[in-house]
Amino acid sequence: MPELPEVETVRRGLQSAMEGATITRAQVNRPDLRWPFPERMAERLTGAKVTQLRRRSKYILADLDRGETLLIHLGMSGRMTVSGDPLGQFAHDHPQAEKHDHVVFDMDNGARITFNDPRRFGAMDLLPSDNTETHPLIAKLGPEPLGNDFHESYLAERLAGKNTPIKSALLDQRIVAGLGNIYVCETLFRAGIAPKRKAGAISETRVHSLVPIIRQVLQEAIEAGGSSLRDFRQADGELGYFQHTFDVYGREGEPCKTPDCTNKISRITQSGRSSFYCAQCQR
Ligand SMILES: [Zn+2]
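Worth saying up front: this structure is predicted, and the values here are computed from it rather than measured.

About the criteria used
Residues numbered from 1 in each chain as written. Predicted model: local features only at pLDDT ≥ 70, side-chain atom pairs only at ≥ 80, totals over all residues. Heavy atoms only, no water. Patch = residues over 30% accessible without salt bridge, like charges linked within 9 Å, V, L, I, M, F, W, Y side chains within 5 Å. Areas by Shrake-Rupley, 256 points an atom, 1.4 Å probe, with all protein chains shown as cover. Salt bridge = Lys/Arg side-chain N within 4 Å of Asp/Glu carboxyl O. Helix = DSSP H or I, 4+ residues; strand = E, 2+ residues; numbered from the N terminus. Buried < 20%, exposed > 50% of the residue type's maximum accessible area, 1.4 Å probe, protein only. Donors = N, O, S within 2.8 Å, 3.2 Å for Na, K, Ca; no water. Tetrahedral: all angles 85-135°; square planar, octahedral: opposite > 155°, others 65-115°. Pairing = 2+ DSSP bridges.

(A) The arrangement of a nonpolar patch on the surface in detail. On the surface, a cluster of nonpolar side chains totalling about 280 Å² of accessible area is made up of Met1, Met76 and Phe121. Considering the arrangement of structural elements, one finds phenylalanine 121 in the loop between strand S7 (112–116) and strand S8 (123–128). With relative accessibility at 32%, the residue phenylalanine 121 sits in the partly exposed group.

(B) Here's a closer look at the coordination of the zinc ion. In the first shell of the zinc ion, the protein supplies Cys256 (SG), Cys261 (SG), Cys278 (SG) and Cys281 (SG), at 2.2 to 2.4 Å from the metal. Its four donor atoms give the zinc ion angles of 107 to 112° at the centre, a pattern that matches the tetrahedral case. Linear spacing of the donor residues for the zinc ion on their chain is C-x4-C-x16-C-x2-C. Of this pair, cysteine 256 sits in the loop between helix H6 (204–228) and strand S9 (266–270) while cysteine 281 is found in the segment after strand S10 (273–277), placing the two residues 25 residues apart along the sequence. Judged by its relative accessible area of 7%, cysteine 256 is buried. Here cysteine 281 falls in the partly exposed class, since its relative accessible area comes to 24%.

(C) Structural context of the pairing of strand S6 (residues 101–107). Among the seven residues of S6, seven are classified as buried, and the element is accordingly described as predominantly covered. Pairing of strand S1 (residues 23–28) with S6 involves five bridges; the strand directions are antiparallel. By the bridge assignment, valine 28 is partnered in S6 with valine 103. In the sheet, S6 pairs with S7 via five bridges, with the strands oriented antiparallel. Bridge pairing in S7 places aspartate 101 opposite asparagine 116. The hairpin turn running from S6 into S7, its antiparallel successor, is four residues long, and glycine 110 in that turn takes a positive phi close to 95°.

Coordinates in, geometry out; function isn't part of it.
Given below as structure tokens:
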């Protein structure tokens, strides 16, 4: 499942193909993904110019010159591919249409953007550009972890008095938007905080330390995506997924990476999700 760094890498990969370009043809091959597509979606997109490509949490937002914004959510298995892009450093020929290619955009610069999603947990919607923050998927989201509204005193205030484990608090999208299981595990390892520790019982100094660590963990992952992919693309033009090494995530039973720590990484289940941590280094 793509997390914020993967979505940001997809956004950057789409940018050169979509920003400033006009959708000359929008092909919509089914009525829905996770939810029905908006009415007349193909018609509303055809001829529209993409003025800006933004990201809010795990949603990509393409602002159109017609006052509407296209919201794209990759869901669990959504993949975006760019082909035929004359602006990219590497040209990718248009691939053969595949079974789960649900939406295809042809741009006036020659690029073709294909959204493929076998499990169909992804979504697309059209919303008024001047009101994107009130969309049901966005309205309840907390601040962006890489944005200015997310800072030390904000986080301390939101965690104060909370009886929930810190792991669950950081996964709560109302507190901070876009953080998922992988990067919360990595953050708590770097902060030396045990995932089960009650959020409200963590000292202010340690809570404050979480903010720069969260930013660093996400930035490093975004940079890893940028450096391991050509134009943020894989060899076949697919966007966004990259090899990244983690300190604790997916490393149950493997040695802790802290110098001088001889402990092995543990895994527990919290709210149905795996938490990976070092019981020695995280208290
Ligand atoms: Zn350790």
